[in-house]
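Fold and contact review
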Amino acid sequence: MTSASHKAARVRPYSLTGGRTRSGHVLLVETFVATLETPDGAVEPALSGPASRMVPEIRAIIDLCRRMRSVAEVSALLKIPLGVVRVLLSDLADQGKIRVYGTGRSPGQPERALLERVLSGLRRL
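My aim in this report is to walk through the structure given alongside it, one point at a time.

Parameters and conventions
Residues numbered from 1 in each chain as written. Predicted model: local features only at pLDDT ≥ 70, side-chain atom pairs only at ≥ 80, totals over all residues. Heavy atoms only, no water. Helix = DSSP H or I, 4+ residues; strand = E, 2+ residues; numbered from the N terminus. Expected span 1.5 Å × (residues − 1). Buried < 20%, exposed > 50% of the residue type's maximum accessible area, 1.4 Å probe, protein only. Pairing = 2+ DSSP bridges. Salt bridge = Lys/Arg side-chain N within 4 Å of Asp/Glu carboxyl O. Polar contact = N/O pair within 3.5 Å; in protein donor to acceptor, adjacent residues only side chain to side chain. Contact = heavy atoms within 4.5 Å. Core = buried A, V, L, I, M, F, W, Y, C linked by side-chain atoms within 4.5 Å.

**Points about helix H5 (residues 82–94)**
Taking 1.5 Å as the rise per residue, H5 with 13 residues should run 18 Å; its terminal C-alpha atoms sit 18 Å apart, in good agreement. If you check which residues of H5 are buried, you get Val 84, Val 85, Val 87, Leu 88, Leu 89, Ser 90, Asp 91, Leu 92 and Ala 93. Immediately beyond the C-terminal end of H5, within one or two residues, lies Gly 96, with a positive phi of roughly 75 degrees.

Pasting the structure below:
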């Protein structure tokens, strides 16, 4: 076996989003997201349209976001570029699979405690 066969197949970032670079939601690095579950506790990943080609990434995001995470954490933990994660999260929010939470900051004034939590999380990575 070659060493290449041991590596997981990598998909180019632009193919994960169908070439899209903009999202419908404002997702800052410190914005929190979490998976929405049905009353029976199940979460179904999107399986139609462009999302059908990205089931592994969608599943990974849904699984990771069962606990509230920042956009930056999702990007770092899954090793997916931030811009791609923003588009995927926006798609999931549009489909009702995740909820986008406010950052808890006033316009122009970041909340210090939030920024410290994000920084602490990034340092743990």
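**Side note on the sheet that holds strand E2 (residues 69–70)**
Read across the open sheet, the three strands follow the order E2-E1-E3; overall the sheet is antiparallel. Sheet topology places E2 and strand E3 (98–101) at the edges, where each strand pairs with a single neighbour.

**So, the pattern of salt bridges**
Overall, the coordinates contain two salt bridges when judged by the stated rule. Here Arg 66 and Asp 63 are joined by a salt bridge, their closest N and O atoms 3.6 Å apart. With a relative accessible area of 41%, Arg 66 lands in the partly exposed category. Relative accessible area serves as the criterion here: at 47%, Asp 63 is assigned to the partly exposed category. With a closest N to O distance of 4.0 Å, Glu 73 and Arg 69 form a salt bridge. Across the pair, Arg 69 and Glu 73 agree in class, each one buried.

**Observations regarding the environment of Ser 90**
Inspection of the secondary structure assignment puts Ser 90 in helix H5. C-alpha of Ser 90 to C-alpha of Leu 27: the two residues are 63 residues apart in sequence and 7.9 Å apart in space.

**Structural notes on unusual backbone geometry**
Backbone geometry at Lys 79 places phi at a positive 55 degrees, although glycine is not the residue there. Within the fold, Lys 79 resides in the loop between helix H4 (71–78) and H5.

**What to know about the side chain of Ser 75**
With respect to the helices, strands and loops of the structure, Ser 75 is situated in helix H4. A relative accessible area of 11% places Ser 75 in the buried class. Polar contacts involving the side chain of Ser 75 include one to the main-chain carbonyl oxygen of Ile 80, which spans 2.6 Å. Here the side chain of Ser 75 touches Leu 82 through a polar contact of 3.3 Å, landing on its backbone nitrogen. Setting aside chain neighbours within four positions, we find Ser 75 in contact with Ile 80, Pro 81, Leu 82 and Val 85.

**A few points about the nonpolar core**
Residues Val 33, Ile 61, Val 74 and Leu 89 are the most contacted members of the largest nonpolar core, which totals 17 residues. Listing elements by their share of this core, those giving two or more residues are helix H3 (55–64), H4 and H5. For this core, the element with the highest residue contribution is H5, accounting for six residues. In this structure Val 74 touches Val 33, Ile 61, Leu 64, Cys 65, Arg 69 and Val 85, once residues within four positions along its chain are discounted.

**Looking at the environment of Met 68**
Locating Met 68 in the fold gives a position in the loop between H3 and E2. You can call Met 68 partly exposed: its relative accessible area is 39%. For the pair formed by Met 68 and Phe 32, sequence separation is 36 residues and the distance between their alpha carbons is 6.4 Å. If sequence neighbours within four positions are ignored, Met 68 has contacts with Phe 32, Val 33, Ala 34 and Tyr 101.

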